[in-house]
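# Breakdown of the fold
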Amino acid sequence: MTDTAMDRRAFMESGGKGLAASLFAGAVSEGALAQASPSPRATGQRMPEGASLPSPTPRERRPDSVGFAVVGLGSYALNQMMPRFASTDRAHIAAIVSGNAEKLRRVGDAYGVPRDARYSYDDFARIGADRRVDAVYVALPTGLHAEWVIRAFAAGKHVLCEKPMALTSADCERMIAAGRRAGRKLMVAYRSHFEPYNREAMQLMEARAVGRVRLVRTEQSYRMGPADPASNWRTSRALAGGGPLEDYGIYGLQSALYLTGEMPERIAATAFRPSGDPRFAEIYAHVASQWRFPSGAVAQLATSYDSAGINFAEVRGTEGVLTMDPATSYSGQTMRLKGSQERTLTPGDPEVQFGAQLDHFAAAIRDGTPIRTPGEMGLRDLRLIEAIYAAARDGRTVRLAPDGRMLG
Ligand SMILES: NC(=O)c1ccc[n+]([C@@H]2O[C@H](COP(=O)([O-])OP(=O)(O)OC[C@H]3O[C@@H](n4cnc5c(N)ncnc54)[C@H](OP(=O)(O)O)[C@@H]3O)[C@@H](O)[C@H]2O)c1
């Protein structure tokens, strides 16, 4: 493949499929980052604050409904994903996996999960023989995704993996290879691909609603409260990589890709880690990058764990501007399109994104339909994250192949 704009577009349109399995030995977040904590292990945690559990409500299930085992009963699984199974057409919670026995009991009772379908991390391998479980939903800290996705494939299950897919492109490649070996499907839970505002934005950009794209700006930030690597996995390098970019900035990275429909050919970047702040003993506080696309468009991405909240995306073209603020939240999206006239767009309820991604994966499993956010897309994004950190670490502009691999 030659390094042309056509190749990059073709690569984007294929969702990053067909990547060579060769392993890129790039640094992820070396340089300014402190020594990582020891290799992480899956261990049970306290019930997240504010978790509300439903009363069990039996419901009719389609005979082809896909049974999911939810792995890791943390804040996102309990507060966002598990309640949304009730809104799906053909997905249900068949099993739960946790390192906290009390949580297994309370959550299992609330969701009507049979006692013999409540697993600890130690007895996870038994899930292979559990015919009620078709797929595993991995909602563990990121540094544990690779291990547990590979274990789920070894148990013969399909896998829906939370974002980001892993902490390195090498781990993504191992996960994809494990899925292929097992003959099972892998999807990354990039919910914005199933959310009406972002779906509409993708279509508007394809229809050139702002003319030719020239400038893209994305910002994802919030101010993290007091924390350190022992108390909050999001500040641990072993579990969270470089920090805000993998966790929150990845939404801006994704937006920049699906709004332009291109892969960048050059990336420059900077990352900052203050000294003496326990939150940033192992991770960065801010990461900013500047991308150039083959079309000549440029993008500026910024993400931070230490500045006031924002979740923003804007595309400025030759004929107008599309502004999304917030851009990729759970709810409350706004979108304005400014051309010869200004319009506020309200394409649908963002709420549907959670259930829609579950039904999408269920359709892929039952009907063989293509996955919009496959493992190859997660791998592509990790390559870009590695390029951003390499550019920041070395203070140079990194050139990229159409599949996101660094050229030097
Ligand atoms: N798509 C989205 O919008 C979105 C939003 C938020 C988070 N996420 C993703 O979801 C995943 C989980 O995030 P979260 O916010 O739910 O985290 P969280 O509240 O901290 O929950 C993580 C859970 O993982 C389990 N776990 C196992 N080993 C652990 C360890 N060594 N340290 C910490 N937890 C451990 C625990 O469950 P048990 O106690 O049951 O074992 C814990 O409650 C991450 O990949 C994150 O990026 C996605």
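Refer to the preceding data block for the structure.
Residues numbered from 1 in each chain as written. Predicted model: local features only at pLDDT ≥ 70, side-chain atom pairs only at ≥ 80, totals over all residues. Heavy atoms only, no water.

## Quick notes on the overall build of the protein chain
- Tallying secondary structure elements over the protein chain gives 10 helices and 15 strands in all.
- Against the compact-globule benchmark of 22 Å for 408 residues, the protein chain has a radius of gyration of 21 Å, which places it among compact chains.
- Expressed along its principal axes, the backbone C-alpha trace of the protein chain runs to roughly 60 × 45 × 40 Å.
- Expressed as a percentage of its 408 residues, the buried residues of the protein chain come to 56%.
- Contacts in the protein chain between residues far apart in sequence, at least 24 positions, make up 72% of those at least 6 positions apart.
- Per element, the accessible surface of the protein chain, about 17,000 Å² overall, is 49% carbon and sulfur.
- The averaged location of the 44 negative side-chain charges in the protein chain is 2 Å from the averaged location of its 51 positive side-chain charges. (Helix = DSSP H or I, 4+ residues; strand = E, 2+ residues; numbered from the N terminus. Rg over C-alpha atoms; globule rule 2.2 N^0.38 Å. Buried < 20%, exposed > 50% of the residue type's maximum accessible area, 1.4 Å probe, protein only. Contact = heavy atoms within 4.5 Å. Areas by Shrake-Rupley, 256 points an atom, 1.4 Å probe, with all protein chains shown as cover. Lys, Arg positive; Asp, Glu negative; His and termini not counted. Charge placed at Lys NZ, Arg CZ, Asp CG, Glu CD.)

## Details of the site of the ligand
- In the region of the ligand, 28 residues are neighbours, and Gln45, Ser98, Lys103, Tyr121 and Arg191 sit closest.
- Take Gly99: an N or O atom from its main chain is 2.9 Å from an oxygen atom of the ligand.
- Between an oxygen atom of the ligand and a side-chain N or O atom of Tyr121, the distance comes to 2.5 Å.
- Bound to the protein, the ligand loses 91% of the 900 Å² it would expose on its own. (Near = heavy atom within 4 Å. Polar contact = N/O pair within 3.5 Å; in protein donor to acceptor, adjacent residues only side chain to side chain.)

## Comments concerning the pairing of strand β10 (residues 298-304)
- For strand β7 (residues 213-223) and β10, the ladder comprises 7 bridges, and the chain directions are parallel. Each bridged residue has a counterpart across the sheet, and for Thr218 the counterpart in β10 is Leu301.
- Where strand β9 (residues 286-292) lies against β10, 7 bridges are found, and the strand directions are antiparallel. Note that in β10 the partner of Trp291 across the bridge is Ala299. (Pairing = 2+ DSSP bridges.)

## Points about the sheet that holds strand β6 (residues 186-188)
- Here 6 strands make up an open sheet; going across it, the order is β3-β2-β1-β4-β5-β6 and the pairing parallel. In this open sheet, the two edge strands, each paired with only one partner strand, are β3 (118-119) and β6.
- Pairing of strand β1 (residues 66-71) with strand β2 (residues 91-97) involves 6 bridges; the strand directions are parallel. Within β2, the residue paired with Gly67 across the bridge is His92.

## Here's the deal with the state of the cysteines
- Following the criterion strictly, the structure yields 0 disulfides and no others.
- Sulfur of Cys161: no disulfide; nearest cysteine sulfur belongs to Cys172 and is 8.3 Å away. (Disulfide = S-S within 2.5 Å.)

## Description of helix α8 (residues 244-260)
- In this model α8 runs 23 Å from its N-terminal to its C-terminal C-alpha over 17 residues, within 8% of the 24 Å that 1.5 Å per residue would give.
- If you look at α8, its biggest bend is around 55°, right at Ile250.
- Following α8 by one or two positions, Gly261 has its phi on the positive side, about 70°. (Expected span 1.5 Å × (residues − 1). Bend = angle between axes of the 7 residues up to and from the residue.)

## Points about the pattern of salt bridges
- Taken as a whole, this structure holds 30 salt bridges when the rule is applied.
- Between Arg118 and Asp109 there is a salt bridge whose closest N-O contact spans 2.9 Å.
- In this structure, Arg383 engages Glu173 in a salt bridge whose closest nitrogen and oxygen atoms are separated by 3.1 Å. Within this pair, whereas Arg383 is found in helix α10 (residues 375-394), its partner Glu173 is found in helix α5 (residues 169-182), the two being separated by 210 residues in sequence.
- Among the ionic contacts, a cluster of salt bridges with common partners joins Arg62, Asp64, Arg90 and Asp367. (Salt bridge = Lys/Arg side-chain N within 4 Å of Asp/Glu carboxyl O.)

## Re the nonpolar core
- Counting 114 residues, the largest nonpolar core has Phe68, Trp291 and Leu322 as its most contacted members.
- Among the elements that line this core, the one with the most residues is α10, at 10 residues. (Core = buried A, V, L, I, M, F, W, Y, C linked by side-chain atoms within 4.5 Å.)

## A short note on the sheet that holds β7
- Reading across from one edge, β14-β13-β12-β11-β7-β10-β9-β8-β15 is the order of the 9 strands in this open sheet, with mixed pairing throughout. The open sheet is flanked by β14 (342-345) and β15 (398-399), the only strands paired with a single partner.
- In this sheet, β9 lies alongside strand β8 (residues 266-272) in antiparallel orientation, the contact comprising 7 bridges. Across the sheet, the residue bridging to Thr270 is Ala288, located in β9.
- Running at roughly 65° to β8, α10 makes contact with β8, β9 and β15 of the sheet. (Axes fitted to C-alpha atoms, helices over the stretch in contact; angles between N-to-C directions.)

## Remarks on the packing of aromatic side chains
- Inspection of the entire model under this criterion finds 11 aromatic pairs.
- When the ring of Phe124 is compared with that of Trp148, the centres are 5.2 Å apart and the planes differ by 80°; the resulting orientation is edge-to-face. On the criterion of sequence distance, the pair formed by Phe124 in the loop between β3 and β4 (135-138) and Trp148 in helix α4 (residues 145-154) is long-range, its members being 24 residues apart.
- Overall, Phe124 belongs to the buried group, its relative accessible area being 2%.
- With a relative accessible area of 3%, Trp148 lands in the buried category.
- Grouping aromatic residues by their ring pairs yields a cluster made of Tyr222, Tyr248, Tyr251 and Tyr305.
- Positioned over the ring face of Phe354 is Arg84, at 3.9 Å from the centre of the ring.
- A cation over a ring is seen here: Arg151 above Trp148, with NZ or CZ 4.2 Å from the ring centre. (Phe/Tyr/Trp six-rings, centres within 6.5 Å; stacked < 30°, edge-to-face > 60°. Lys NZ or Arg CZ within 6 Å of the ring centre and 35° of its normal.)

## Some remarks on the side chain of Gln333
- In this fold, Gln333 is placed in the loop between β12 (321-324) and β13 (335-338).
- Take Gln333: its relative accessible area is 5%, and that puts it in the buried class.
- In terms of polar contacts, Gln333 uses its side chain to reach the backbone carbonyl oxygen of Ser329, at 2.9 Å.
- Beyond its immediate stretch of four places on either side in the chain, Gln333 contacts Glu195, Tyr197, Asn198, Pro326, Ala327, Thr328, Pro350 and Gln353.

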